[in-house]
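Structural features, examined
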Amino acid sequence: SDGSLAFRFHAAHGAKMTCMSFDEAGRRLLTSGNDGVVRVWNFSNGQCLKALRSEASAESSSGHAEVSCLLFLLEGPYRHIVA
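**Concerning the overall build of the chain**
Summing up its helical and strand segments, the chain has one helix and six strands in all. Relative to its full complement of 83 residues, the chain shows a buried share of 28%. In the chain, of all internal contacts separated by at least 6 residues, the share reaching a separation of at least 24 is 34%. Total accessible area computed for the chain in this model is approximately 5600 Å², and 52% of it derives from carbon and sulfur atoms.

**Overview of the pattern of salt bridges**
This model, assessed by the stated rule, comprises two salt bridges. A salt bridge links Arg-79 to Glu-24, with the nearest nitrogen and oxygen atoms 3.3 Å apart. Residue Arg-79 is located in strand E6 (residues 78-82), and its partner Glu-24 is located in the loop between strand E1 (17-22) and strand E2 (28-33); the two are separated by 55 residues in the primary sequence. Asp-35 is the partner of Arg-39 in a salt bridge, and the nearest nitrogen-oxygen pair spans 3.1 Å. For the pair shown, Arg-39 and Asp-35 are each scored as buried.

**Brief notes about the sheet that holds E1**
Reading across the sheet, the four strands line up as E1-E2-E3-E4 and stay open at both edges, with antiparallel pairing between neighbours. Of all strands in the sheet, those bounded by a partner on one side alone are E1 and strand E4 (48-53). Each strand axis lies, on average, 20° off the axis of its neighbour in the sheet, ignoring direction. The sheet contact formed by E1 and E2 spans five bridges and is antiparallel.

**Section: the nonpolar core**
Counting seven residues, the largest nonpolar core consists of Cys-19, Leu-30, Val-38, Val-40, Val-67, Leu-70 and Phe-72. When residues no more than four places from it in sequence are discounted, the contact partners of Phe-72 are Ser-21, Phe-22, Asp-23, Glu-24, Leu-30, Arg-79, His-80 and Ile-81.

Procedures and definitions
For every chain, the first residue of its written sequence is number 1, and the numbers climb from 1 along that sequence. With pLDDT at 70 or above as the cut-off, local features in this predicted model cover only qualifying residues; side-chain atom pairs require 80 or more to be listed or tallied, and sums for whole chains, interfaces and linings still use all residues. Values shown for side chains rest on all heavy atoms present in the structure; no hydrogens or waters enter the calculation. Numbering of helices and strands runs from the N terminus; a helix is a DSSP stretch of H or I covering at least four residues, while a strand is a stretch of E covering at least two. Only protein chains enter the calculation, and the probe is 1.4 Å; a residue is then buried if its accessible area is under 20% of its type maximum, exposed if over 50%, and partly exposed in between. The contact criterion used is simple: two residues touch if any of their non-hydrogen atoms lie within 4.5 Å. Computed with a 1.4 Å probe, the accessible areas rest on the Shrake-Rupley method; for each residue, only the protein chains presented here act as cover. In the sections that follow, a salt bridge refers to a side-chain nitrogen of Lys or Arg positioned within 4 Å of a carboxyl oxygen of Asp or Glu. The criterion for strand pairing is that DSSP finds at least two bridges linking the strands in question. The angle between two axes is taken between their N-to-C directions and runs from 0 to 180 degrees, where each axis is a line fitted to C-alpha atoms and a helix contributes only its stretch in contact. What we call a nonpolar core is a set of buried Ala, Val, Leu, Ile, Met, Phe, Trp, Tyr and Cys residues that are connected through their side-chain atoms within 4.5 Å.

These values are about where atoms sit, not about what they do.
Below is the structure:
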């Protein structure tokens, strides 16, 4: 709350992080990058809660499918991650 650095997510996605989004409450940070993985972080303590890999990244020749856009969507009782 004083503007000082709390957590650093710079090494979370290999060479570069390409996008990020918060959930509706601001408690979870979603990040993705050139490694094709979407990671869900607890923004309060910096812990990675889940790593999501698409089937497209597993099937690509390099093993990666870069994610260039990320969205957290709340629709009624359902929560969606769109990447």
